[in-house]
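If you want the building blocks of each chain, they are given just below.
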Amino acid sequence: MRLIGKEDCLMNKRISRDLKQNFLQYFSYVLLISLSIMVVVGFNKSMDGYTNSVNQLYVDYRVQDGFFQVRDVLSEEQIANIEAMDIVLEDERFLDVNMDDGSTIRVFPQRENIDSFAIFEGRNIEADGEILLDSKYAGENGIEIGGEIEVEGEIYVVVGLGITPDYVYTLKNSGDMMNSPSKFGIACVSSGFFEEEKGTYCYSYGFLTNGGSLNDLKKYLIDNTILLDWILKSNNARIQMVYDDVKGPKVMASILGFLLLIVIVFVIATSVKNKLDDEKQTIGILYAQGVRKGKIIRHYLAIPCILALIGSVIGFLLSFPVAKLLLNLKAAEYTLPNIEMILSPYLIFISLILPTLLTIVISYLVLNKQMAKPVLQLIRDLEDNTFKKSTTKEKRRFLMRFRIRELSRDVVSVLLLLVGVLICSLVMITAFYLRDSATHYIDNIEENLKYDYIYTLKYQPIQKLNLNDDSEIMVISTFLYDDNGSEREFMVQGINANSKFYDMSKINVMQEDEIIISSCVAQKYGYEVNDSITLKEK
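Residues numbered from 1 in each chain as written. Predicted model: local features only at pLDDT ≥ 70, side-chain atom pairs only at ≥ 80, totals over all residues. Heavy atoms only, no water.

Visitor: Could you give an account of the overall build of the chain, with specific residues and numbers?
Guide: Helix and strand counts for the chain come out as 14 helices and 14 strands. Of all 538 residues assigned to the chain, the portion counted as buried reaches 37%. Taken as a whole, the chain presents about 32,400 Å² of accessible surface, with 55% of it coming from carbon and sulfur. (Helix = DSSP H or I, 4+ residues; strand = E, 2+ residues; numbered from the N terminus. Buried < 20%, exposed > 50% of the residue type's maximum accessible area, 1.4 Å probe, protein only. Areas by Shrake-Rupley, 256 points an atom, 1.4 Å probe, with all protein chains shown as cover.)

As structure tokens, then:
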């Protein structure tokens, strides 16, 4: 027993000595583990916090299930008929007001049941002459609570800043790709603002399906009104864009972080294996002195566990400022209240437990395989000379033999090095080509468009349009595509034969049941020439 205690003391000293002698090597391992945990936890923590805040906003202020726009205001009878279908309606008519600085404010009446205004700062409207303003628009244009703005010749006092849940991503038009908070924002005023005719109102209605049928509602609107627009929440970029924007970075960061973690864990295991190979004789002597195999394995697992634990803790702590930075970046795009970072239980497991667990399991498997050799072979440091004999028979040059032998003895390290270089190369190449592709697209977009202006008329008989020779009509309609049970919207354009603005010679010989699809659609859904595609009118 005294001998075993002495061996424990010696082993502990060897651990501290090994840490000092290989400090830079072990520091690099800790750095890589910290980096992987920082990326995975930082992105997931911030994106989870963002998603939770959005969900809470939508629940608290009852975001719409969709909205429709009609040419004329609905009558009381029509509203009663729609509500009889178990549909909750909210009058969301609006007026776009052009400001002196060139920006536009979309003015809505106060909402009661659906898409209520979420006030981040200030109070609600209590009297006429008061207005609630989009907080991001106000910040971009230097407007504060208590300030005054002019709307259609009348002065309004800003009493609150916030947003409605259907305009978290403040797009002026639902088909726009990017918002511009300095040029467009929304506002809410008392309902008395719309009692007088102040301009051309757009009659939009938000709805909640309180057990009612969407198909019945849409059929009723088509039969009894002039329906200009119909957009469900799932297809509304103002509501859904935040989810889509969070999903991509979260998945990409998780994949890259886990790949890096797995690679570095295997590198640590390989390092332990090499150290064990260098100390075979010492291990054999310990065996001969009665030290058990389990104790030796635990000794060689100590350093990998220490490195993994230190790297995990550092990465976990660094994830907090990273998550805060990511939240600030996202806050520049979307209008949301203060977002709280969420530390889910699965993130604690990933950051503080998983790296150490992986290190222990993989290193143990490697060590256990190496320790399976007989004691005599370890003491004498015997090696398999099969490779040496085969290369000697072939009479290869010594240097070449030496290189091949060294590579064959450390195949795992070489493979891990190749995987690490591959991952780094993919990340760098992706970063470079994405930036160059976006720059090229922006620089050449004007050259690719052969027209200067495009006007969209939601309701206008074509025969009443007076067009000159430099203009032509193009019809745009939205169709639905069944993507494995999920409906996707396809924008279909009807283009005149011999069009001056679209260089498509095949249009002139197309039949009525034929269509030209973009290369992106063909690649994403696996279509080729002469295939059939089924589209349903929206």
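Visitor: How would you sum up the pattern of salt bridges? Please name residues and give values.
Guide: As a working rule, side chains carrying opposite charge can pair if their charged atoms are close by. Tallying each qualifying case throughout the model produces nine salt bridges. Here D91 ties to R93 by a salt bridge, and the two come within 2.8 Å at their closest N and O atoms. For D223, the salt bridge identified is with K219, shortest N-O distance 3.1 Å. With a gap of four residues between them, D223 and K219 both fall in helix α5 (residues 214-224), about one helical turn apart. Exposure remark for D223: the relative accessible area of 51% places this residue in the exposed category. Connected through salt bridges with shared partners, the residues E92, R111 and D166 form a single ionic network. (Salt bridge = Lys/Arg side-chain N within 4 Å of Asp/Glu carboxyl O.)

Visitor: Pulling in residues and values, what's your account of the sheet that holds strand β11 (residues 227-232)?
Guide: The strands that make up a sheet pair up through hydrogen bonds in the backbone, lying either parallel or antiparallel. Strand order in the open sheet formed by four strands is β2-β10-β1-β11, and the pairing between neighbours is antiparallel. Of all the strands in the sheet, just β2 (87-91) and β11 have a single pairing partner and so form its edges. Taken over all neighbouring pairs, the strand axes of this sheet differ in orientation by 20° on average, direction set aside. Direction of pairing for strand β1 (residues 66-70) relative to β11: antiparallel, over a ladder of five bridges. Of the residues in β11, the one forming a bridge with F67 is I231. (Pairing = 2+ DSSP bridges. Axes fitted to C-alpha atoms, helices over the stretch in contact; angles between N-to-C directions.)

Visitor: Please give an account of the nonpolar core that cites residues and values.
Guide: With 33 residues, the main nonpolar core has F68, I82 and L133 as its most contacted residues. Those residues in contact with F68, other than ones at most four positions away along the chain, are L74, I82, L89, Y203, S204, Y205, F207, L221, L227, D229 and W230. V54, V168, A237 and I339 belong to the second-largest nonpolar core, a separate cluster that totals 19 residues. (Core = buried A, V, L, I, M, F, W, Y, C linked by side-chain atoms within 4.5 Å. Contact = heavy atoms within 4.5 Å.)

Visitor: Outline the packing of helix α6 (residues 237-278) against helix α9 (residues 345-370), supporting the account with residue identities and numerical values.
Guide: Close contact between α6 and α9 brings their axes to 9 Å; oriented N to C, the two are set at 30°. By the angle between their directions, the pair α6 and α9 is classed as roughly parallel. Remark: the crossing between α6 and α9 carries right-handed chirality. The segment α6 lies against α9, with K250, F258, L261, V265, F266, I268, A269, V272, K273, L276 and D277 engaging Y346, I350, L354, P355, L358, T359, I362, S363, V366, L367 and Q370. Considering only residue class, the contact of α6 with α9 consists of 16 nonpolar, three polar and three charged. (Parallel < 35°, antiparallel > 145°, perpendicular 65-115°, else oblique. Left-handed = near helix turned anticlockwise from the far one by under 90°. Nonpolar A, V, L, I, M, F, W, Y, C, P; charged D, E, K, R; others polar.)

Visitor: Before we move on, could you go through helix α8 (residues 293-331) and cite the residues and values that matter?
Guide: Between its first and last C-alpha atoms α8 spans 56 Å; for 39 residues at 1.5 Å apiece the expected length is 57 Å, and the two agree. Of all the bends in α8, the greatest reaches close to 30° and is centred on L301; the proline P304 follows between one and four positions later. (Expected span 1.5 Å × (residues − 1). Bend = angle between axes of the 7 residues up to and from the residue.)

Visitor: Describe the sheet that holds strand β13 (residues 486-494), listing the residues and the values that go with them.
Guide: If you trace the three strands from one edge of the open sheet to the other, you get β13-β12-β14, paired in antiparallel fashion. The sheet terminates laterally at β13 and β14 (536-537), the two strands that pair on one side only. Examined bridge by bridge, strand β12 (residues 475-483) and β13 share nine bridges and lie antiparallel to one another. For S477, the partnering residue across the bridge sits in β13 and is V492.

Visitor: A description of helix α2 (residues 23-60) should follow, citing residues and the corresponding values.
Guide: Here α2 is 38 residues long and its end C-alpha atoms lie 54 Å apart, about the 56 Å a rise of 1.5 Å per residue gives. Positioned one or two residues after α2, R62 has a phi angle of 50°, which is positive.

Visitor: Mind laying out the side chain of T335, listing which residues take part and the relevant values?
Guide: Take T335: it is sitting in the loop between α8 and α9. For T335, the residues in contact, after removing those within four places along its chain, are F120, D134, S135, K136, G162, I163, V168 and T170.

Visitor: Any details on unusual backbone geometry? Residues and values, ideally.
Guide: Most of the time, phi is negative for any residue but glycine, and the peptide bond is trans. Here the phi dihedral of R62 falls at roughly 50°; this positive angle occurs in a residue that is not glycine. For R62, a relative accessible area of 41% gives the class partly exposed. Here the phi dihedral of E152 falls at roughly 50°; this positive angle occurs in a residue that is not glycine. Topologically, E152 is positioned in the loop between β7 (148-151) and β8 (154-163).

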